[in-house]
Number of protein chains: 2
Amino acid sequence: MSTAEERADSDLQSWAEVTPDAARRLLLAAVEAFAERGYHATTTRDIASRAGMSPAALYIHYKTKEELLHRISRIGHEKALEILRTAARREGSATERLADAVSSFVRWHARGRTTARVVQYELDSLGPDARAEILALRRQVDAEVRGIIEEGAAAGEFDVLDVQGTTLAVLSLCIDVARWFNVNGPRTPEEIGELYADLVLRMVGAKNRK
Amino acid sequence: MSTAEERADSDLQSWAEVTPDAARRLLLAAVEAFAERGYHATTTRDIASRAGMSPAALYIHYKTKEELLHRISRIGHEKALEILRTAARREGSATERLADAVSSFVRWHARGRTTARVVQYELDSLGPDARAEILALRRQVDAEVRGIIEEGAAAGEFDVLDVQGTTLAVLSLCIDVARWFNVNGPRTPEEIGELYADLVLRMVGAKNRK
């Protein structure tokens, strides 16, 4: 058996920035509790207890349950943006960059499926301000992928009828990996990343697919 | 303002089979409650109250909360199977049948997003027997789409490297529409269905795309 921290760590390599240790342990406990029981069925007492702490100790770090969800959602979205931005801005053709963006985004959703599910399915549980902040991050995520597709179309590498709709479909395809991915299934995150990069290059009509 | 029944009816045209009326009203109330608060945060008392009934009246129709989820999940999966089976077994080329399967499956997920979310995201909340029954239905859903892709590949209409993986991706793309579809968004279910049919024909390398 692995600890909650080890499990969530293998999910998403973005928790290191959360300090002190107690604040990180609480965040990891919240991810697991929200994923298992849903946001509304989880109490701050449940989260504290999973982290081996008292409710009073939780309130030192987080004022409300929503603050925990907001923090998890922000970390998840910032990491998503970083992954896509890195792929979008590297050297290489639009074809290479789109394949890289898709395969790395897919690998991250497969490995970080627990966090990704919480982030995606509990978006409506955020309050208006937190939600507005996260939606702004989502528009940036969208813009990175749309940018690569637009460049590929302009350069004649791709043949795309509907850039906005294709961008939406590409992101949707990658995100849904978090719903169905199974660690005991027949495919590794790397294999799914490679398959999906090829499928997405087909979707954009890339002329130079391998 | 529409009633819960009107809203859920526009979501999914499969509730008519549920009789008597009280049993149907309770099922619709459960869909809404599970979608809003999650399965674990919803009590049978909440569901009865949403349906304007007493908890005792609920127990006449459903012994447990899980029975409600099981019934919702079975209706959703049977309808999914019916939609794909109809498209798979109609007259026409594999290209036409795949386009039809994808566009109708997408339209249904857009219109029935509330039910679809409950069915997809609460699968782990089912007990072992109910879960096994639903997983068997999911394998049949998968087999319908895989069948069309295999036939298209065998007939030389499609160019597919990985039939199993492509089937998974096609279903995943359609299902995730329920997560992001917004009735106030710029696209209708019909428009998304058409866009996605084209994207999926690209994914399978269809030679006779329009």
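Residues numbered from 1 in each chain as written. Chains lettered and ligands numbered in written order. Predicted model: local features only at pLDDT ≥ 70, side-chain atom pairs only at ≥ 80, totals over all residues. Heavy atoms only, no water.

Looking at the pattern of salt bridges
All names here are of chain A. Applying the stated criterion across every chain, the model contains 35 salt bridges over all chains. Where Glu82 meets Lys79, a salt bridge forms, and the shortest distance between an N and an O atom there is 3.5 Å. Residue Glu82 and its partner Lys79 are both found in helix 5 (residues 65-89); the two are separated by three residues, about one turn of the helix. Measuring nitrogen to oxygen at the nearest pair gives 3.2 Å for the salt bridge that ties Arg202 to Asp198. Of this pair, Arg202 and Asp198 both sit in helix 11 (residues 189-203), separated by four residues, roughly a single helical turn. With a relative accessible area of 7%, Arg202 lands in the buried category. (Salt bridge = Lys/Arg side-chain N within 4 Å of Asp/Glu carboxyl O. Helix = DSSP H or I, 4+ residues; strand = E, 2+ residues; numbered from the N terminus. Buried < 20%, exposed > 50% of the residue type's maximum accessible area, 1.4 Å probe, protein only.)

Considerations on the UniProt feature "DNA-binding region" (unreviewed entry) in chain A
UniProt annotation of "DNA-binding region" (unreviewed entry) refers to residues 43-62 of chain A when read in the numbering used here. For residues 43-62 of chain A, helix accounts for 70% and strand for 0%, while the C-alpha atoms at its two ends are 13 Å apart. (UniProt positions renumbered as here; feature names shortened; annotations may be inferred.)

Some points on the interface of chain B and chain A
In this complex, chain B contributes 33 residues to the contact, which on the side of chain A involves 33 residues. Together, the buried faces of chain B and chain A total about 2,700 Å²; carbon and sulfur atoms form 54% of this surface. On the chain B side of the interface with chain A, the three residues burying the most area are His40, Arg179 and Arg202 of chain B, jointly 23% of the side's total. Across the contact surface, chain B and chain A share 14 residue pairs in polar contact (both at pLDDT 80 or more). Listed by contribution, the elements that provide at least two residues to the side of chain B that touches chain A are helix 2 (21-37), helix 7 (113-121), helix 9 (163-175), helix 10 (177-180) and helix 11 (189-203) of chain B. Ranked by the residues each element gives to the side of chain B that touches chain A, the list is headed by helix 9 of chain B, at eight residues. Here the residues of the side of chain B that touches chain A are counted per class, giving 14 nonpolar, seven polar and 12 charged. (Contact = heavy atoms within 4.5 Å. Buried area = accessible area lost by both parts, 1.4 Å probe. Polar contact = N/O pair within 3.5 Å; in protein donor to acceptor, adjacent residues only side chain to side chain. Nonpolar A, V, L, I, M, F, W, Y, C, P; charged D, E, K, R; others polar.)

Describing the domain arrangement of chain A
All names here are of chain A. According to the domain assignment, chain A consists of domain 1 (4-64) and domain 2 (66-203). Domain 1 puts 22 residues into the contact, and the matching count from domain 2 is 17 residues. Put simply, domain 1 and domain 2 have zero salt bridges between them. Linking domain 1 with domain 2 are five residue pairs in polar contact (both at pLDDT 80 or more). Sorting elements by how many residues they give to the side of domain 1 that touches domain 2 places helix 2 (residues 21-37) first, with six residues. (Domains from an automatic or database assignment.)

Concerning the state of the cysteines
Inspection of the entire model under this criterion finds zero disulfides over all chains. Left without a disulfide partner, Cys174 of chain A is nearest to the cysteine sulfur of Cys174 of chain B, which lies 15 Å away. On the basis of relative accessible area, Cys174 of chain B is assigned to the buried category, the value being 2%. (Disulfide = S-S within 2.5 Å.)

Digging into helix 8 (residues 128-154) of chain B
Since there are 3.6 residues in each turn of an α-helix, residues three or four apart along the chain are aligned in direction. Residue and element names in this part refer to chain B. Compared with the 39 Å implied by 1.5 Å per residue over 27 residues, the 38 Å span of helix 8 between its first and last C-alpha is a close match. Of all the positions in helix 8, only Ala130, Ile134, Leu137, Val141, Asp142, Glu144, Val145, Gly147, Ile148, Ile149 and Gly152 are classed as buried. In this structure, the buried side of helix 8 is in contact with helix 5 (65-89), helix 6 (94-111) and helix 9. Gly156 sits one or two positions beyond helix 8 and adopts a positive phi of about 80°. (Expected span 1.5 Å × (residues − 1).)

Considerations on the packing of aromatic side chains
All names here are of chain A. Taken as a whole and assessed by the stated rule, the structure comprises five aromatic pairs over all chains. An angle of 20° between the planes, with centres 6.1 Å apart, marks the rings of Phe105 and Trp108 as stacked. Here the residue Phe105 and the residue Trp108 both occupy positions in helix 6 (residues 94-111), the gap between them amounting to three residues, near one helical turn. By relative accessible area, which is 3% here, Phe105 ends up buried. You can call Trp108 buried: its relative accessible area is 13%. Lying over the aromatic face of Tyr39, Lys65 brings its terminal NZ or CZ to 4.3 Å of the ring centre. (Phe/Tyr/Trp six-rings, centres within 6.5 Å; stacked < 30°, edge-to-face > 60°. Lys NZ or Arg CZ within 6 Å of the ring centre and 35° of its normal.)

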